[in-house]
Amino acid sequence: MNENRELFEVIDVIEAHHSFLISSHISPEGDALGSQLAFASVLESMNKEVVIVDAHPVPKRYDFLPLVDKILSLKEYNVMTQGINNIDVAVLLDCPTIDRIGAVKKIIPDECVLLNIDHHTSNSYFADVNYVDSSADSTCQALFDLFNLMNSKIDISVATNLYTGILTDTGGFKHSNTIPKTHMAIAKLLETGIKPDKIFSLLYERWPIERLKLLSKVLGSVESSFNGAFIYMTLTPNMLKEAGAGKELSEDFIDYCLTVEGVEVAAFFREEDEYVKINFRSRGKIDVNKIAGKYGGGGHVKASGCRIKGTLSQAKQEIERDIAKALNCK
Ligand SMILES: [Mn+2]
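Residues numbered from 1 in each chain as written. Predicted model: local features only at pLDDT ≥ 70, side-chain atom pairs only at ≥ 80, totals over all residues.

(A) View of the overall build of the protein. Counting its secondary structure elements, the protein contains 11 helices and 12 strands. The C-alpha radius of gyration of the protein comes to 21 Å, within 12% of the 20 Å expected for a compact globule of 330 residues. Across its three principal axes, the protein shows a C-alpha extent of roughly 60 × 45 × 40 Å. Burial analysis of the protein (330 residues in total) assigns 38% to the buried set. Sequence separation of 24 or more characterises 65% of the internal contacts of the protein that already satisfy a separation of 6 or more. (Helix = DSSP H or I, 4+ residues; strand = E, 2+ residues; numbered from the N terminus. Rg over C-alpha atoms; globule rule 2.2 N^0.38 Å. Buried ≥ 20, exposed ≤ 12 C-beta atoms within 10 Å, placed from the backbone. Contact = placed C-beta atoms within 7 Å.)

(B) Highlighting the nonpolar core. One finds Ile-22, Phe-39, Val-91, Leu-115, Leu-143 and Leu-162 to be the most contacted residues of the largest nonpolar core, which totals 51 residues. With 8 residues, the top contributor of residues to this core is helix H2 (residues 30–45). With sequence-adjacent residues up to four places away left out, Val-91 is seen in contact with Phe-20, Ile-22, Phe-39, Leu-115 and Ile-117. (Core = buried A, V, L, I, M, F, W, Y, C linked by C-beta atoms within 7 Å.)

(C) Main features of the sheet that holds strand E5 (residues 113–118). Strand order across the open sheet formed by 6 strands is E3-E2-E1-E4-E5-E6, with parallel pairing between neighbours. A single partner strand is all that each edge strand has here, and the edge strands are strand E3 (71–72) and strand E6 (129–132). Bridge count between strand E4 (residues 89–93) and E5: 5 bridges; the pairing is parallel. In the strand pairing of E5, Ala-90 is matched with Leu-114. (Pairing = 2+ DSSP bridges.)

(D) Fine view of the environment of Arg-307. By secondary structure assignment, the location of Arg-307 is in strand E12 (residues 303–309). The exposure class of Arg-307 is partly exposed, given the 17 C-beta atoms found within 10 Å. Distance from Arg-307 to Glu-271, taken between C-alpha atoms, is 9.9 Å for residues 36 residues apart in sequence. Residues contacting Arg-307, with those up to four places away along its chain left out, are Tyr-275, Val-276, Lys-277, Tyr-295 and Gly-297.

(E) Local environment of the sheet that holds strand E11 (residues 298–299). Reading across the sheet, the 6 strands line up as E7-E8-E9-E10-E12-E11 and stay open at both edges, with mixed pairing between neighbours. With partners counted over all chains shown, the strands left at the sheet margins are strand E7 (223–225) and E11, one partner each. Here strand E10 (residues 275–282) runs beside E12; their pairing, made up of 7 bridges, is antiparallel. Each bridged residue has a counterpart across the sheet, and for Phe-280 the counterpart in E12 is Ser-304.

(F) Here's a closer look at the domain arrangement of the protein. The domain architecture assigned to the protein consists of domain 1 (3–204) and domain 2 (210–329). Each of domain 1 and domain 2 has a C-alpha centre, and the two are 31 Å apart. (Domains from an automatic or database assignment.)

(G) Quick peek at H2. Spanning 16 residues, H2 covers 22 Å between terminal C-alpha atoms, matching the ideal 22 Å at 1.5 Å per step. Within H2, 14 of the 16 residues are buried, which leaves the element mostly enclosed by the surrounding structure. Asn-47 lies just past H2 and shows a positive phi near 65°. (Expected span 1.5 Å × (residues − 1).)

(H) Representation of the environment of Thr-178 within the structure. With respect to the helices and strands, Thr-178 occurs in the loop between helix H5 (156–169) and helix H6 (180–190). The class of Thr-178 is partly exposed, set by 17 C-beta atoms lying within 10 Å. Put simply, Thr-178 and Leu-167 are 11 residues apart on the chain and 9.6 Å apart in space, counted from C-alpha to C-alpha. The contacts of Thr-178, once residues within four sequence positions are left out, are Asp-137, Thr-170 and Phe-173.

(I) The arrangement of unusual backbone geometry in detail. Here the phi dihedral of Asn-47 falls at roughly 65°; this positive angle occurs in a residue that is not glycine. With respect to the helices and strands, Asn-47 occurs in the loop between H2 and strand E2 (49–53). Even without glycine at this site, Asp-94 takes up a positive phi of about 65°. Tracing the backbone shows Asp-94 in the loop between E4 and E5. The exposure class of Asp-94 is buried, given the 30 C-beta atoms found within 10 Å.

(J) A look at the pairing of strand E8 (residues 230–235). Taking burial as the measure, the 6 residues of E8 include 6 buried ones, the bulk of the element. Side chains Phe-230, Tyr-232 and Thr-234 of E8 all project onto a buried face; the interleaved residues Ile-231, Met-233 and Leu-235 project onto the opposite face, where all are buried too. As defined by bridge partners, E7 adjoins E8 across 3 bridges and the pair is classed as antiparallel. For Ser-224, the partnering residue across the bridge sits in E8 and is Ile-231. Between the end of E7 and the start of E8, which pair antiparallel, lie 4 residues, with Phe-226 showing a positive phi angle near 55°. Across 6 bridges, E8 lies against strand E9 (residues 265–271) in parallel orientation. The residue bridging Phe-230 from the neighbouring strand is Val-265, located in E9.

Have a look at this one:
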């Protein structure tokens, strides 16, 4: 794809229209939120009308993002517009498919122009105008390139939002999507005066003590098989109860499994009422997207998830069998 042609098409759409609806995927994280807020700011600086609507609420750890209160729930949006529909363009950010926006899909008028800005290789080019830069580390990086081409002013609030998206999607500049242009963009963003230590602290150092209590229990559950090539952890409802924690606090615990020398695959088993939710991480040799796909889940080669109906021990047995097969065929 010729990205420059795609970029100019996006600019044409922006210039030709006035009223924009912005949305992103369910379970929003740093890149989804940062890209929506940065794009809204730039559009508003061009005197456009902008509304941001997300199907899921903003997680607490992102509540510091500049202008985050602009993000409306569907309920708030419906009250605000009361059936009046004057959206010219619907912009979907960080979404490989349109279904990723969840229930927001219902409020997109048929006649509006659909704009898709993303960086996922799996993007399905679902919109009228698609700007998909799969070489970009994040949607925020793709927007950074767009803003430069538009000569948009990147102020400290836009910079904070873009920085957060790039920082979180690269895992703090440690994933393989970190490339020279990642750091070139970061250098430009830092020049606006944003403070990386403050943003780091706001993102990663505001957990409740219950998270540590839960971590101590989950770390105690660690097991390994196939000579340490497979390391996994378990979270039970009882652990949550004892730690006084919600399951969302366990989100990145699985990463501890990958810190061990010789591990190829990690799994995190979360016991629910009738099923077991499983997250996978791989060092890259084993395609965990394939393993999750067997159970109707999915993701990427190095990170995926799925659910299995049944008990914890049944789920573990099944997955161990899959991992054994994957390790033998590699
Ligand atoms: Mn992203």
